[in-house]
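Below are the chains, spelled out letter by letter.
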Amino acid sequence: MSVDILAAGPESSELLAALHAKAFDGGEVWNGAAFATLLAGPGMDALLAARGGTPLGFILMRTIADEAEMLTLAVLPSARRAGAGRALVKVGLEAARRRGAASAFLEVSVTNVAAIALYRSTGWGEAGHRARYYRDGSDALIMSCRL
Ligand SMILES: CC(C)(COP(=O)(O)OP(=O)(O)OC[C@H]1O[C@@H](n2cnc3c(N)ncnc32)[C@H](O)[C@@H]1OP(=O)(O)O)[C@@H](O)C(=O)NCCC(=O)NCCS
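Reading the values: the criteria
- Residues numbered from 1 in each chain as written.
- Predicted model: local features only at pLDDT ≥ 70, side-chain atom pairs only at ≥ 80, totals over all residues.
- Heavy atoms only, no water.
- Phe/Tyr/Trp six-rings, centres within 6.5 Å; stacked < 30°, edge-to-face > 60°.
- Buried < 20%, exposed > 50% of the residue type's maximum accessible area, 1.4 Å probe, protein only.
- 1 Å grid on protein atoms, 1.4 Å probe; cavity = no way out; pocket = protein on both sides within 12 Å on 5 of 7 lines; lining within 4 Å.
- Points joined across faces, edges and corners; volume = space filled by probe spheres on them.
- Helix = DSSP H or I, 4+ residues; strand = E, 2+ residues; numbered from the N terminus.
- Salt bridge = Lys/Arg side-chain N within 4 Å of Asp/Glu carboxyl O.
- Axes fitted to C-alpha atoms, helices over the stretch in contact; angles between N-to-C directions.
- Parallel < 35°, antiparallel > 145°, perpendicular 65-115°, else oblique.
- Left-handed = near helix turned anticlockwise from the far one by under 90°.
- Contact = heavy atoms within 4.5 Å.
- Nonpolar A, V, L, I, M, F, W, Y, C, P; charged D, E, K, R; others polar.
- Arc of directions from axis to C-beta.
- Near = heavy atom within 4 Å.
- Polar contact = N/O pair within 3.5 Å; in protein donor to acceptor, adjacent residues only side chain to side chain.
- Areas by Shrake-Rupley, 256 points an atom, 1.4 Å probe, with all protein chains shown as cover.

Here the focus is the packing of aromatic side chains. Considering all chains together, one arrives at 4 aromatic pairs under this definition. Ring plane angle 55 degrees and centroid distance 5.9 Å describe the contact between Tyr119 and Trp124, whose orientation is recorded as tilted. On the basis of relative accessible area, Trp124 is assigned to the buried category, the value being 4%. Judged by centre distance (5.0 Å) and plane angle (90 degrees), the ring pair of Tyr133 and Tyr134 falls under edge-to-face. With relative accessibility at 40%, the residue Tyr133 sits in the partly exposed group.

Reported here for the largest pocket is a volume of approximately 1,500 Å³. Along the wall of the largest pocket there are 40 residues; nearest its centre are Phe24, Leu73, Val108, Asn112 and Ala115. Elements represented by at least two residues in the lining of the largest pocket include exactly helix 1 (13-23), strand 4 (67-75), helix 3 (84-98), strand 5 (103-109) and helix 4 (113-121). The biggest single contributor to the lining of the largest pocket is strand 4, with 7 residues.

A separate point is the pattern of salt bridges. What the rule picks out here adds up to 6 salt bridges. For Asp45, the salt bridge identified is with Arg99, shortest N-O distance 2.6 Å. With Asp45 in strand 2 (residues 44-51) and Arg99 in the loop between helix 3 and strand 5, this pair connects stretches of sequence that are 54 residues apart. According to the relative accessible area criterion, Arg99 is partly exposed, its value standing at 42%. The salt bridge partner of Glu94 is Arg97, with a shortest N-O separation of 2.8 Å. Note that Glu94 and Arg97 are positioned in helix 3 at a spacing of 3 residues, about one turn of the helix. One connected set of salt bridges, linked through shared partners, spans Glu94, Arg97 and Arg98.

What follows is about the packing of helix 3 against helix 4. Remark: helix 3 packs on helix 4, axes separated minimally by 10 Å, with the N-to-C direction vectors making an angle of 50 degrees. Classified by the angle their axes make, helix 3 and helix 4 are oblique. In the crossing of helix 3 with helix 4, the sense of the turn from one axis to the other is right-handed. Together, Gly85, Arg86 and Val89 of helix 3 and Leu118, Tyr119 and Ser121 of helix 4 make up the contact between the two elements. Looking at the contact of helix 3 with helix 4 residue by residue, the classes come out as 3 nonpolar, 2 polar and 1 charged.

With that settled, the discussion passes to helix 1. Buried residues of helix 1: Ser13, Leu16, Ala17, Leu19, His20 and Ala23, and no others. With its buried residues spanning 165 degrees around the axis, helix 1 presents them on a single face. Opposite the buried face of helix 1, at more than 90 degrees from it, the exposed residues are Glu14 and Lys22. Those residues of helix 1 that are buried are in contact with helix 2 (32-40), strand 2, strand 3 (54-64) and strand 4.

The local shell around the ligand holds 20 residues, among which Leu73, Val75, Gly85, Arg86 and Asn112 are the closest. Here an oxygen atom of the ligand sits 2.9 Å away from a polar atom, N or O, in the main chain of Gly83. Residue Asn112 places a side-chain N or O atom 2.6 Å away from an oxygen atom belonging to the ligand. Starting from 920 Å² of accessible surface for the ligand in isolation, the protein chains cover 76%.

Written as structure tokens, this is what we have:
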């Protein structure tokens with residue numbers, strides 16, 4: 001069964017928080033209120049991946065003027081390596097491009113081998129580093145992509 005990508009609004013805040021907590025096990029917690037505040041802001045695109053009506057993950061993009069930021073991307077551990085992450089990145093970039101973004105950037109831990117491989121395979125390149133950016137002391141890799 002293929003993955004469907006659907007737009008998600010503020011009514012999905014609790015669902016996004018639950019997916020985020022499961023995907024980032026032990027990481028930074030973004031609760032439903034945090035998602036509701038983010039989704040109410042300008043330039044936001046939240047997209048949900050689902051298979052047969054069951055949510056698998058989501059992506060959050062924010063576009064300001066001609067630049068988009070990927071704020072987060074999460075796929076449930078049980079649904080990984082089946083193309084949901086790649087589909088979310090592609091549709092997320094397309095949504096930002098429609099809003100007028102000419103480029104996009106993101107931050108990812110240098111230790112996040114899976115996400116970096118996904119980004120490299122979807123057109124992102126390395127644009128910089130932020131030393132000891134994350135709570136675990138790891139550096140952030142800044143990646144960018146032309147749309
Ligand atoms: C990163 C993440 C979103 C990938 O989601 P996914 O649905 O498994 O990704 P896909 O199945 O679309 O994988 C696409 C490509 O990414 C790469 N990739 C994905 N997982 C990988 C892994 N564990 N190791 C190496 N490469 C990996 C591969 O190139 C893969 O293509 P392939 O399966 O044809 O080899 C998922 O692992 C996740 O939610 N991780 C925890 C949260 C997170 O780190 N988010 C990103 C924060 S910046």
